2 protein chains.
Amino acid sequence: MTTMPGPVLGDLDARVAQRLATGGVRYTKGRRLVVRALGRAGGPRSAAELHGRLRPGIPLSSLYRTLTVLADAGVLARSHDGHGVALFELAEWLRGHHHHLVCVECGRVEDVDVGDEHERTLTGVVLAVGAAGDLEVTGHRIDIEGVCGACRA
Amino acid sequence: MTTMPGPVLGDLDARVAQRLATGGVRYTKGRRLVVRALGRAGGPRSAAELHGRLRPGIPLSSLYRTLTVLADAGVLARSHDGHGVALFELAEWLRGHHHHLVCVECGRVEDVDVGDEHERTLTGVVLAVGAAGDLEVTGHRIDIEGVCGACRA
DNA sequence: CACTATAATGATATTGATTCTCACAATACA
DNA sequence: TGTATTGTGAGAATCAATATCATTATAGTG
Ligand SMILES: [Mn+2]
Ligand SMILES: [Mn+2]
Ligand SMILES: [Zn+2]
Ligand SMILES: [Zn+2]
């Protein structure tokens with residue numbers, strides 16, 4: 001019913017290292033920490049959230065730069081929480097294509113793997129609508145909004 | 001193929017006036033200007049964009065307050081361009097449910113009415129996926145990304 | 001193992017969007 | 001009309017994010 005949970009996190013470091021190497025970008029300690037933290041996270045995270053979780057108190061300014069570098073290198077994808085705060089997650093080629101469950105109460109965002117069957121359906125509609133709107137479609141973003149289990153309790 | 005373009009803009013003022021009245025909020029000149037401008041717009045707009053278009057130079061600070069008031073009153077929906085800039089559009093009950101075509105080149109965002117058939121399909125998948133993810137679904141947001149006609153030319 | 005060139009970091013200043021403050025003006029309505 | 005309430009405008013303040021720049025770490029090189 002659901003797709004495979006995407007590429008294993010085991011070789012995450014290796015895959016990122018590879019990618020950064022080809023770009024002449026160093027895979028430093030701080031960058032590793034950020035990549036691993038996002039590998040563990042179940043959804044996109046803000047700089048502030050990451051700053052709170054990262055043990056060796058990486059300065060916020062460095063963290064922002066790290067996030068920018070990784071995003072520019074294509075390792076991270078940047079999105080937004082809808083209230084002025086940027087969110088980061090592993091890029092699709094690392095994490096696998098997925099969508100988001102957004103709790104309208106607490107604001108929590110969780111990854112959700114839609115499954116091949118459903119994804120095919122979505123892609124079909126998206127392509128048709130995009131073409132009708134004179135758009136050369138390259139992708140789509142879907143947020144499913146609702147109230148999470150925690151907030152219903 | 002496409003749905004009706006949503007509620008007519010003719011009674012836009014009346015409907016907004018009604019809504020604001022029940023909340024004890026005045027429908028002032030500046031607020032009317034903003035609502036009408038967004039009624040004419042073909043997609044979500046930033047405060048800066050609106051500021052540029054509005055004839056009687058409404059101060060930016062007032063414009064921001066107006067946008068906030070209208071959003072709080074449920075007349076406007078607030079979203080985000082992903083680069084630190086908030087976007088505003090008429091709420092669904094005024095504009096009708098729709099989605100967005102986003103040009104990854106120029107950043108332009110355009111409304112798109114998906115059509116009942118496609119919308120039913122999307123809603124079906126969204127409900128199924130949300131339920132599977134323990135989310136009490138209340139809505140969904142879909143951005144179709146690609147390259148617009150202008151940018152291909 | 002030093003030595004040098006290059007890239008990364010951290011502390012701080014700065015930007016830019018948005019929000020807040022507060023004195024003043026407009027509006028509702030008794 | 002008089003008075004309470006709500007809205008406005010100009011500027012200060014806030015906050016996420018970025019830029020600066022001196023310092024430190026790293027990859028190579030001999
Ligand atoms: Mn998808
Ligand atoms: Mn829809
Ligand atoms: Zn929640
Ligand atoms: Zn474009």
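Structural data are supplied above this passage.
Anyway, here's the lowdown on the structure attached to this text. Only a predicted model underlies this, so the values are computations on that prediction, with no experimental measurement involved.

Calculation criteria
Residues numbered from 1 in each chain as written. Chains lettered and ligands numbered in written order. Predicted model: local features only at pLDDT ≥ 70, side-chain atom pairs only at ≥ 80, totals over all residues. Heavy atoms only, no water. 1 Å grid on protein atoms, 1.4 Å probe; cavity = no way out; pocket = protein on both sides within 12 Å on 5 of 7 lines; lining within 4 Å. Points joined across faces, edges and corners; volume = space filled by probe spheres on them. Helix = DSSP H or I, 4+ residues; strand = E, 2+ residues; numbered from the N terminus. Nonpolar A, V, L, I, M, F, W, Y, C, P; charged D, E, K, R; others polar. Pairing = 2+ DSSP bridges. Contact = heavy atoms within 4.5 Å. Axes fitted to C-alpha atoms, helices over the stretch in contact; angles between N-to-C directions. Salt bridge = Lys/Arg side-chain N within 4 Å of Asp/Glu carboxyl O.

**Topic: empty space enclosed by the protein**
Piece 1. Under the criterion given, the structure shown has two cavities of 30 Å³ or more.
Piece 2. Taken as a whole, the largest cavity encloses approximately 50 Å³ of empty space.
Piece 3. If you go around the largest cavity, the residues you meet are V125(A), V126(A), V129(A), I142(A), H99(B), V114(B), L122(B), I142(B) and I144(B).
Piece 4. Listed by contribution, the elements that provide at least two residues to the lining of the largest cavity are α6 (116–132) of chain A together with β6 (135–148) of chain B.
Piece 5. Among the elements that make up the lining of the largest cavity, the one with the highest residue count is α6(A) (three residues).
Piece 6. Grouping the constituent residues of the lining of the largest cavity by class yields eight nonpolar, one polar and no charged.
Piece 7. For the second largest cavity, the calculated volume is near 30 Å³.
Piece 8. Along its surface, the second largest cavity is lined by H99(A), V114(A), L122(A), I142(A), I144(A), V125(B), V126(B) and V129(B).
Piece 9. Secondary structure elements with two or more residues in the lining of the second largest cavity: β6 (135–148) of chain A together with α6 (116–132) of chain B.

**Points about the sheet that holds strand β2 (residues 76–80) of chain B**
Residues and elements named next belong to chain B.
Piece 1. The antiparallel open sheet is built from three strands, whose spatial order is β1-β3-β2. Single-partner strands in this sheet number two, and they are β1 (45–46) and β2.
Piece 2. Two elements, β1 and strand β3 (residues 86–90), share two bridges in a ladder whose sense is antiparallel. Counterpart to R45 in the pairing with β3 is F88.
Piece 3. Of the strands in this sheet, β1, β2 and β3 are in contact with helix α2 (residues 29–40), which crosses β3 at around 85 degrees.
Piece 4. Set on the sheet, helix α4 (residues 60–72) makes contact with β2 and β3; between it and β2 the angle comes to about 115 degrees.

**A look at the pairing of strand β5 (residues 109–112) of chain A**
All names here are of chain A.
Piece 1. The pairing of strand β4 (residues 99–103) with β5 spans four bridges and is classified as antiparallel. Looking at the pairing, V102 lines up with V109 of β5.
Piece 2. Adjacent in sequence and paired antiparallel, β4 and β5 are bridged by five residues, among which G107 carries a positive phi angle near 85 degrees.

**Topic: the pattern of salt bridges**
Residues and elements named next belong to chain A.
Piece 1. Within this structure, the stated rule accounts for 16 salt bridges over all chains.
Piece 2. A salt bridge links D13 to R36; its shortest N-O distance comes to 2.6 Å. On the criterion of sequence distance, the pair formed by D13 in helix α1 (residues 12–22) and R36 in helix α2 (residues 29–40) is long-range, its members being 23 residues apart.
Piece 3. Here the residues in one salt-bridge network are R95, D111 and D113, joined through shared partners.

Read these as spatial facts, not as claims about activity.
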